[in-house]
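# Understanding the architecture of this molecule
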Amino acid sequence: MPQSYKIEVPGADLGATLKNFLGAILGLEEVAAMLVPAWLPMKDTVMPVLVTDPAGLETADPLAPAFPLNAARLASRLTRKPAGGLVAAVLRPCEIRAFVELVKLKQGSADDLVIIGLDCLGAFPNTGFTQAAQAHGRGLTDKFLASALGSGEGAVDGIEPAAACRVCERPLPLGADVALGLFGVWPEGGVLAEGRTERGAEILGRLGLARAGAPAARTSAVEALVRAKTKLRDEMFARTTEATSSLEKLTAYLAGCVNCYNCRNACPVCYCRECVFTTDVFDHEPRQYLQWARRQGTVKMPTDTVFYHLTRLAHMSTACVGCGQCSNACPNGLPVMELFRTLAARTQAAFDYEAGRSLEEAPPLSVFREDEFPEVTAP
Amino acid sequence: MTDFEPTIIAFVCNWCTYTAADLAGTSRLAYPHNVRLVRLMCTGMVDPKYVIKALLSGADAVLVSGCRPGDCHYINGNFKARRRFKLLKEILPRFGFEAARLRLAWIGASDGHEFAATIKEMTEKMRELGPSEARRKMVI
């Protein structure tokens, strides 16, 4: 049972309370910097910023419905070598899971990062956030919170949270050092703060907060939310499985793809420094294209669209954490997340693995046993 | 379907299955001509992309075959191959590539008969299943 505390929220100003809380952590001697989503000075948009001075947290807004990129990559950049002090990072649950996967691939260090996680209410896709921010400016977050924690399901002006967020059945920051709980807590019970690791507990102990157990309503509120999301997730799995159950259907599903590879660039767990699709393996000779065209009659250009997605499924579906940045990044609105999450559920289950669940679990294709999977060689 | 000749692409390891294929030949064992052998040093070298490429290019079946687990010339290449094939078997059939079109086998160097029998079995099975969808439909 992790140690837990209650954070009082004077005047129900959740934003200000969170900023103070984060400022207190940044003020600790061993914490050198903090990575947190914040409104930029030059425009009404939210981006991850790195600050060393608590004054820099003035526009911090981790609850804003903005998710422009998966910050696990940024956490990786900040911890791939010692930075000269601890970095604290405010991360969404899927970002935490992605960071765990990157640490396993030696592309980040969990020791050098203090992870502060919040119960995740989701976020709008990039285009939706831009629209909503234009309409409401920095008041957007309050509107979003009212909708997300009320009955609006997070929609503001008809702009809905991203599909990935709508079906996400893992909205709790389980892998964080310090976890802030809202479901079944806010507003009646303030904000719940839990130290989920030794380091998290130690930090919380120094902040002068009142010890408190989780409110009775929390467990059932979380269970109900997870149940509802799981149902939506399973419906999405069923739809996607049906929509891609033959090569012809898969081809139709991916017909809008132009091989821009933005989904790969945005994916936090597509870990290769150099993707094979950008090497000369795929730099086909002009003669080869003509030969294919002669053979097949019609060749969609560029080639290797289905090949690319199948390869990416083979390479990283066991690490997919369901953040949905792939769909967010696609310029042609392809439902990439749905395809990858649906397959990832199967491939991860096949190896009894869940991406981001534990640092102790080795990636399935990096280990093997002498006797396993006899069904693979059955005729 | 009677004049449909399936194409089977076989990625076989140099030390075991390729040698078995050679033995089948020198023993004058007849086996169907439908197989195209690709010799690699070890099944551990088989990148999932090779299997995917073969299928998307219109192969009716893909065989990956090497030394039995425990006998790998490079100690653990075939263990890795087994995990990668497990992955492919989870992914590819969901998009219409029937599971029977993907075969992983352990055929040792002295198993010339088993090699011939495996090819014969696969060819017959593919005649039954018919041409792969990738042959009949446009792949993008």
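For every chain, the first residue of the written sequence is number 1, and numbering continues from 1 along that sequence. Written order decides the labels, with chains lettered from A and ligands numbered from 1. In view of the model being predicted, local features appear only for residues whose pLDDT reaches at least 70, and side-chain atom pairs are presented and counted only at 80 or more, with totals across whole chains, interfaces and linings using the full set of residues. No hydrogens and no water enter the side-chain calculation; it runs on all heavy atoms of the structure.

## Structural notes on the sheet that holds strand E4 (residues 102–106) of chain B
All names here are of chain B. Pairing is parallel in the open sheet, where four strands are placed in the order E2-E1-E3-E4. Each of the sheet's edge strands pairs with one partner strand only, and the pair in question is strand E2 (35–40) and E4. Put simply, the sheet's adjacent strands are angled 20° from each other on average, direction ignored. By definition, residues are in contact when any of their heavy atoms lie within 4.5 Å. All axes are obtained by fitting lines to C-alpha atoms, using only the stretch in contact for helices, and the reported angles, taken between N-to-C directions, cover 0 to 180 degrees. Starting at the N terminus, helices and strands are each numbered in turn, a helix being any DSSP run of H or I of at least four residues and a strand any DSSP run of E of at least two. Here helix H1 (residues 17–26) sits on the sheet in contact with strand E1 (8–13), E2 and strand E3 (61–66), set at roughly 115° to E1. By the convention used here, strands pair only if DSSP detects at least 2 bridges between them.

## Details of the interface of chain B and chain A
Opposite the 34 residues of chain B that make contact, chain A presents 44 residues. Buried area: the accessible area, evaluated with a 1.4 Å probe, that two parts lose upon being put together, summed over both parts. For the pairing of chain B and chain A, the buried interface totals around 3600 Å² over both sides, and the portion due to carbon and sulfur atoms is 71%. For the chain B face of the interface with chain A, the top three residues by lost area are Arg83(B), Phe95(B) and Ile140(B), together amounting to 26%. We count a salt bridge whenever a side-chain nitrogen from Lys or Arg sits within 4 Å of a carboxyl oxygen from Asp or Glu. One can count three salt bridges joining chain B with chain A. In this structure, the salt-bridge partner of Lys137(B) is Glu248(A), at a minimum N-O distance of 3.1 Å. Nitrogen and oxygen atoms within 3.5 Å of one another constitute a polar contact, given that in protein one can donate a hydrogen and the other can accept it, and given that sequence-neighbouring residues count only through two side-chain atoms. Applying the counting rule to chain B against chain A returns twelve residue pairs in polar contact (both at pLDDT 80 or more). Here the element with the most residues in the side of chain B that touches chain A is helix H3 (residues 77–91) of chain B; it accounts for eleven residues.

## Some remarks on the sheet that holds strand E3 (residues 46–51) of chain A
Residues and elements named next belong to chain A. With mixed pairing, eight strands are arranged side by side in an open sheet as E3-E2-E4-E5-E6-E7-E1-E8. Looking at the sheet topology across the chains shown, the edges are occupied by E3 and strand E8 (210–211). Examined bridge by bridge, strand E5 (residues 113–118) and strand E6 (residues 178–181) share three bridges and lie parallel to one another. Directly across from Leu118, in E6, lies its bridge partner Leu180.

## Concerning the pairing of E2(B)
Within a regular beta strand, the side chains point alternately toward one face of the sheet and then the other, so they alternate between its two faces. Residue and element names in this part refer to chain B. Pairing between E1 and E2: six bridges, direction parallel. Each bridged residue has a counterpart across the sheet, and for Val12 the counterpart in E2 is Arg39. A crossover connection joins E1 to the parallel E2 through H1; in handedness this β-α-β unit is right-handed. Assignment of crossover handedness uses the view with strands pointing away from the viewer, where a clockwise path from the first strand over the helix to the second indicates a right-handed crossover.

## Section: the confidence of the model for chain B
On average, residues of chain B score 96 in pLDDT, and 99% of them reach the 70 mark or higher. Interface predicted TM-score (ipTM) for the complex: 0.96; the corresponding pTM is 0.96. Per-residue confidence from the predictor is reported as pLDDT, a score between 0 and 100.

## As for the nonpolar core
Among the nonpolar cores identified, the biggest contains 86 residues, and Leu310(A), Val51(B), Leu56(B) and Leu92(B) are the most heavily contacted of them. Not counting the four nearest positions on each side in its chain, Leu310(A) is found in contact with Leu250(A), Ile52(B), Leu56(B), Ile91(B), Leu92(B) and Phe95(B). Side-chain atoms within 4.5 Å are what join buried Ala, Val, Leu, Ile, Met, Phe, Trp, Tyr and Cys residues into a set we call a nonpolar core. Burial classes: relative accessible area under 20% of the type maximum marks a residue as buried, over 50% as exposed, and values in between as partly exposed (1.4 Å probe, protein chains only). Counting 51 residues, the second-largest nonpolar core is a separate cluster that includes Val36(A), Trp39(A), Leu86(A) and Leu145(A).

## Concerning the pattern of salt bridges
Here the idea is simple: oppositely charged side chains can pair when their charged atoms come close. All names here are of chain A. Across all of its chains, the model carries 31 salt bridges over all chains by this definition. The partner of Arg218 in a salt bridge is Asp119, and the shortest N-O contact between them spans 2.9 Å. On the criterion of sequence distance, the pair formed by Arg218 in helix H8 (residues 216–243) and Asp119 in the loop between E5 and helix H4 (126–136) is long-range, its members being 99 residues apart. Note on accessibility: Arg218 and Asp119 belong to one class, buried. With its nearest N and O atoms 3.2 Å apart, the salt bridge here joins Glu235 to Lys231. Here the residue Glu235 and the residue Lys231 both occupy positions in helix H8, the gap between them amounting to four residues, near one helical turn. Judged by its relative accessible area of 33%, Glu235 falls in the partly exposed class.

## A closer look at a positive patch on the surface
All names here are of chain A. Patches were defined on residues exceeding 30% relative accessible area and lacking a salt bridge, with like-charge contacts within 9 Å and nonpolar side-chain contacts (Val, Leu, Ile, Met, Phe, Trp, Tyr) within 5 Å. Each accessible area is a Shrake-Rupley result for a 1.4 Å probe, and residues are judged covered by the shown protein chains and nothing else. His residues and chain termini do not enter the charge count, which takes Lys and Arg as positive and Asp and Glu as negative. The location of each charge is read from NZ of Lys, CZ of Arg, CG of Asp or CD of Glu. A contiguous patch of positive charge, built from Arg77, Arg80, Lys81 and Arg273, is present on the exposed surface. Relative to the helices and strands, Arg273 resides in the loop between helix H10 (262–266) and helix H11 (286–296). Among the residues examined, Arg273 registers a relative accessible area of 71% and is labelled exposed.

## With respect to helix H7 (residues 198–205) of chain A
All names here are of chain A. Considered for burial, the residues of H7 that qualify are Gly200, Ala201, Ile203 and Leu204. Seen from one end, H7 has its buried residues packed into an arc of 165°, which puts them on one side. For H7, the secondary structure elements touched by its buried residues are strand E1 (3–7), helix H1 (14–26), E5, E6 and strand E7 (191–195). The arc refers to the directions leading from the helix axis to the C-beta atoms.

## Re helix H5 (residues 140–149) of chain A
Within the sequence span of H5(A), burial applies to Leu140(A), Thr141(A), Phe144(A), Leu145(A) and Ser147(A). Packing partners of the buried residues in H5(A) comprise H1, strand E2 (31–39) and H4 of chain A.

## Brief notes about the packing of aromatic side chains
Residues and elements named next belong to chain A. Each Phe, Tyr or Trp ring (for Trp, its six-membered ring) is paired with any other whose centre lies within 6.5 Å, and the angle between the two planes then decides the class: stacked below 30 degrees, edge-to-face above 60, tilted in between. The final tally for this structure, using the stated rule, is 13 aromatic pairs over all chains. Where Phe351 meets Phe373, the ring centres are 5.5 Å apart and the plane angle is 90°; that geometry is what we call edge-to-face. A residue pair is termed long-range when its members are at least 10 positions apart, and Phe351 in the segment after helix H14 (336–350) and Phe373 in the segment after H14 qualify at 22 residues. The buried category is assigned to Phe351, whose relative accessible area is 11%. Residue Phe373 is classed as buried on the basis of its relative accessible area of 13%. Of the aromatic side chains, those joined through ring pairs into one cluster are Tyr261, Phe277, Phe282, Phe307 and Tyr308. Lysine and arginine charges are scored as sitting over a ring when NZ or CZ, respectively, is within 6 Å of the ring centre and within 35 degrees of the ring normal. Taking the ring centre of Phe340 as reference, the NZ or CZ of Arg312 above it sits at 4.3 Å.

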